[in-house]
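# Notes for the structure review
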Amino acid sequence: MKTIQFTELEGRSAGFFALMAILIAIIGAGLVSALMMHGEGHHITGMTNRIVWGTPHVFAVFLIVAASGALNIASIASVFGRTIYKPLSPLSMVLSMTILAGGLAVLILDLGNPEHLLDVPLTQFLYNSEPARWTQSVFGWNFILYSGFMVIVGVYLWFSLVPQYKKYAKAVSIFAFVWRLALTTGTGLIFGFLVAREAYDAAILAPMFVVFSFAYGLAIFSLVLIPTYVWTGRELGEILVKRLKSLLGIFVAASLYFVIIFNLTNFYSAAKSEGIQSFLLFGNNSYSNAFWIGQILIGGILPLVIVYYPKIKARFALMLAASMVVIGGLSQMYVTIIGGQAYPMDMFPGKKVESIINDGGIATYSPTIYEVLLGLAGIGIMLFLVVFAMNVLRILPESLADKDVDPHHSA
Amino acid sequence: MSQVKESKVDQYRRSFLAQSTAIAGMTLTSGVILNSVAQAKSADQPASDKNRWGLLIDANKCSTGCNTCVTACHEENGVTGSGNPETDPQWIRKVKLTDKQTQKVQTIPLMCQHCAKPPCVDVCPTNASMKRADGVVLVDKHACIGCRYCMMACPYGARSFIHEPTTEQIYPRGQGTVESCTLCVHRIDDPNGPRNPACVEACNAEGHKAMWFGDLKDPNSEITKRLKEYGGVQIRADLGLNTGVRYQNLN
Ligand code: SF4
């Protein structure tokens, strides 16, 4: 195996500028939407006092969960010693940071009052003699987990790119791996803490999010890797693509397994199986459709068939399966986040409940264009940043041809 | 934040409340002063954990077609909307309950239940959701970032997000922040002693007398006596939140 040469993108072609222009337009549209939501108020979205987290959260949580999963490639190479993935490590690290940045940006832009965020450190650290409350809020922990993730992966990347620090990279990689598990668990716990809402009242939610993150992160990783190599004319061999493809298959299968266990355990509870569970699964509504068609069929079964069906060209199969996993992931978040809110909370067992806000009924929600644009801007930000990083940092191997990545390959 | 200690945040909160009280004093005619409270506290005194303010609601007395408490609350607190119930703030709402077996119909007012262990306070990342020492759960709209996590956490759907620019202002309200029933905290903090919240006052004035307000820690308050005699249930008692709002005859 030759030593892998890492180089920047050239970034001078018309195609490159066109790509950046498109991404800037996507981000711009999202920013304008966010500004409008702040000027006019959130009533221009489909969100209500019943559906308080809408489409922006679907995108944001999907991206945040995927972010930690995108780091997997680096972890597998370093923590678990699979050297074949080593050349992909820097991209995996950068991508995990940019996905997280995209997700967080959406989360922040969707706040009702993001400007108050600036006051938080002031009121929390300077003026408060008591231990800051956010240390007790699971949201607060998540802020720490997110910023910590950025710093740790940043250091990890730095150590792996600078030759004299390389020897420390492994230690940091283990730390980063543990941290990314904590991060996804923390994201799962945001929902797990909502004791009053049946949809989220399950201990399995956090580990399930971890398994989902493997699939979502790898899917985004593949969707960035392959076009980058195709468009820049760099070599990308079959060996790596096939490996990624079967890895994706394993992660998708594991996700499906967790979904089955999660739903089966829910059926054990009589109340749940009659209530929220039947609503989300068999309610014949947008949530049950998103579950069966989006999450299970497009996001689970079809990708499995595609990655394991030998007659499809590996590269094409990976691209197709990965795109489907992304659609499935967004569908899953839609079912979990919005479906979980739409179903009424059971305040008065045995009673039919009516009120001005339809307490006893299913909450209606139809997302508006502003929400969708803001959500897409998260993806725009992630892509813009990763392309920018490819341009200024040496994170992409010159070649990922079979002979370069596999020492045993004899061409 | 279970105890109120001297800190700038608390001073700030108190002065905010003092301002609210002053405004309330100017705009409102005085209501009934609660006799059960021995000592009125001055506006710059912190709320004390010697009190725990609460409500008791008799479902049998609450009149089915009546919406007086809701109107009174929203007028008192300047809670306005654009006519879309799904996005308009609802500090208090009437809920109609029909028993699925007996078909018995009851209505009750539902508002922030002022839990002793409020999930909204637990999840709030900024301290904006807070519980005063006297049990009143509030949102500091100057600190609220509008993340709506508290709304996700509230088992009663008692919180509203301000979806539209606020025009009419009696108390500071802010678009993009969350608000809910304050138990008319400006009346609790009245320099002349705590007064009934607007909803209770209006319900009494209407002659229904379905609501009692008072100090749950005062053994001589009417609310405590009634609870002792007739009992009272919490909505979603299974969550163990120890709500400050209790209901009677909910069956
Ligand atoms: S919306 Fe405001 S009060 Fe509610 S949790 Fe977020 S910051 Fe706290």
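Coordinates for the structure precede this section.
Below is a short write-up of the structure. (Residues numbered from 1 in each chain as written. Chains lettered and ligands numbered in written order. Predicted model: local features only at pLDDT ≥ 70, side-chain atom pairs only at ≥ 80, totals over all residues. Heavy atoms only, no water.)

### Some thoughts on the overall build of chain A
Applied cut-off: The helix count covers DSSP runs of H or I at least four residues long, the strand count covers runs of E at least two residues long, and both are numbered beginning at the N terminus. Atoms considered for the radius of gyration are the C-alpha atoms alone. The globule rule reads 2.2 Å times the number of residues to the power 0.38. For every residue, the accessible area (1.4 Å probe, protein chains only) is compared with the maximum for its type, and the residue is labelled buried under 20%, exposed over 50%, or partly exposed between those bounds. A contact between two residues is defined here by any heavy atoms of the two lying within 4.5 Å.
Looking only at helices and strands, one finds 15 helices and five strands in chain A. The C-alpha radius of gyration of chain A comes to 22 Å, within 12% of the 22 Å expected for a compact globule of 411 residues. Referenced to the eigenvectors of the C-alpha coordinate spread, the extents of chain A come out at roughly 70 × 55 × 40 Å. Per-residue burial over chain A gives 58% buried out of 411 residues. In chain A, the share of contacts with a sequence separation of at least 24, taken over all contacts with a separation of at least 6, comes to 81%.

### Overview of the interface of chain B and chain A
It is common to give the size of an interface as the accessible area that goes away when the parts come together. The condition that has to hold: Buried area is understood as the total, over both parts, of accessible area removed when two parts are fitted together, assessed with a 1.4 Å probe. Each salt bridge in this description consists of a side-chain nitrogen of Lys or Arg and a carboxyl oxygen of Asp or Glu lying within 4 Å of one another. Nitrogen and oxygen atoms within 3.5 Å of one another constitute a polar contact, given that in protein one can donate a hydrogen and the other can accept it, and given that sequence-neighbouring residues count only through two side-chain atoms. Classes in brief: Ala, Val, Leu, Ile, Met, Phe, Trp, Tyr, Cys and Pro nonpolar; Asp, Glu, Lys and Arg charged; the others, Gly included, polar. Any two strands between which DSSP finds at least two bridges are classified as paired.
The partner chain A presents 59 residues to the 62 residues of chain B that form the contact. Taking both partners together, chain B and chain A bury about 5000 Å²; carbon and sulfur atoms supply 56% of that area. Summed over the shared surface of chain B and chain A, the number is four salt bridges. Where B:Arg148 meets A:Asp110, a salt bridge forms, and the shortest distance between an N and an O atom there is 2.7 Å. At the boundary of chain B with chain A, the tally comes to 25 residue pairs in polar contact (both at pLDDT 80 or more). Considering every element that reaches the side of chain B that touches chain A, the biggest residue donor is strand S2 (residues 92–99) of chain B, with seven residues. Here the side of chain B that touches chain A is composed, by residue class, of 28 nonpolar, 17 polar and 17 charged. Bridging between strand S3 (residues 351–355) of chain A and S2(B) involves five bridges; their strand directions are antiparallel. Looking at the pairing, A:Glu354 lines up with B:Lys96 of S2(B).

### What about helix H7 (residues 222–230) of chain B?
Residue and element names in this part refer to chain B. For clarity, the cut-off: Taking the helix axis as origin, the arc is that swept by the directions to the C-beta atoms.
Buried residues of H7: Ile 223, Thr 224, Arg 226 and Leu 227, and no others. The buried residues of H7 occupy an angular sector of 165° when projected down its axis, which confines them to one face. Of the exposed residues in H7, the ones pointing more than 90 degrees away from its buried face are Lys 228 and Glu 229. Lining the buried residues of H7 we find strand S1 (53–58), strand S8 (211–215) and strand S9 (245–248). Positive phi appears at Gly 231, one or two residues downstream of H7, with a value of about 75°.

### Observations regarding the nonpolar core
As a reminder of what qualifies: Note on terminology: a nonpolar core comprises buried Ala, Val, Leu, Ile, Met, Phe, Trp, Tyr and Cys residues joined through side-chain atoms within 4.5 Å.
Core analysis: the largest hydrophobic core is formed by 186 residues, its most contacted members being A:Tyr85, A:Phe191, A:Ile220 and B:Tyr149. If near-sequence neighbours (up to four positions away) are discounted, B:Tyr149 is found in contact with A:Trp53, A:Val138, A:Phe139, A:Leu189, A:Ile190, A:Phe193, A:Leu194 and B:Val123.

### A closer look at helix H14 (residues 369–392) of chain A
Residue and element names in this part refer to chain A. Selection rule: The span you would expect from a helix comes to 1.5 Å times its residue count less one.
With 24 residues, H14 should reach 34 Å at 1.5 Å per residue; the first-to-last C-alpha distance of 34 Å fits that figure. Listed in full, the buried residues belonging to H14 are Glu 371, Leu 374, Gly 375, Ala 377, Gly 378, Gly 380, Ile 381, Met 382, Val 386, Val 387, Ala 389 and Met 390. Those residues of H14 that are buried lie in contact with helix H1 (14–40), helix H2 (55–70), helix H4 (89–109), helix H8 (205–231) and strand S4 (396–397).

### Section: the side chain of A:Lys351
Among the structural elements, A:Lys351 can be located in strand S3. Sequence-distant contacts of A:Lys351, that is, excluding residues within four places in its chain, are made with B:Leu97, B:Thr98, B:Asp99, B:Lys100, B:Gln106 and B:Asn251.

### Considering the packing of aromatic side chains
Applied cut-off: Pairing of aromatic rings covers Phe, Tyr and the six-membered ring of Trp, with a centre-to-centre limit of 6.5 Å; geometry is then stacked below 30 degrees between planes, edge-to-face above 60, and tilted otherwise.
Counted according to the given criterion, the structure contains 22 aromatic pairs over all chains. For the ring pair A:Phe62 and A:Tyr216, a centre distance of 5.0 Å and an interplane angle of 40° mean the geometry is tilted. Here A:Phe62, found in helix H2, pairs with A:Tyr216, found in helix H8; they are 154 residues apart in sequence, far enough to count as distant. You'll find A:Phe62 and A:Tyr216 in the same group, each marked buried. Judged by centre distance (5.3 Å) and plane angle (15°), the rings of B:Trp53 and B:Phe213 are stacked. Residue B:Trp53 is located in strand S1, and its partner B:Phe213 is located in strand S8; the two are separated by 160 residues in the primary sequence.

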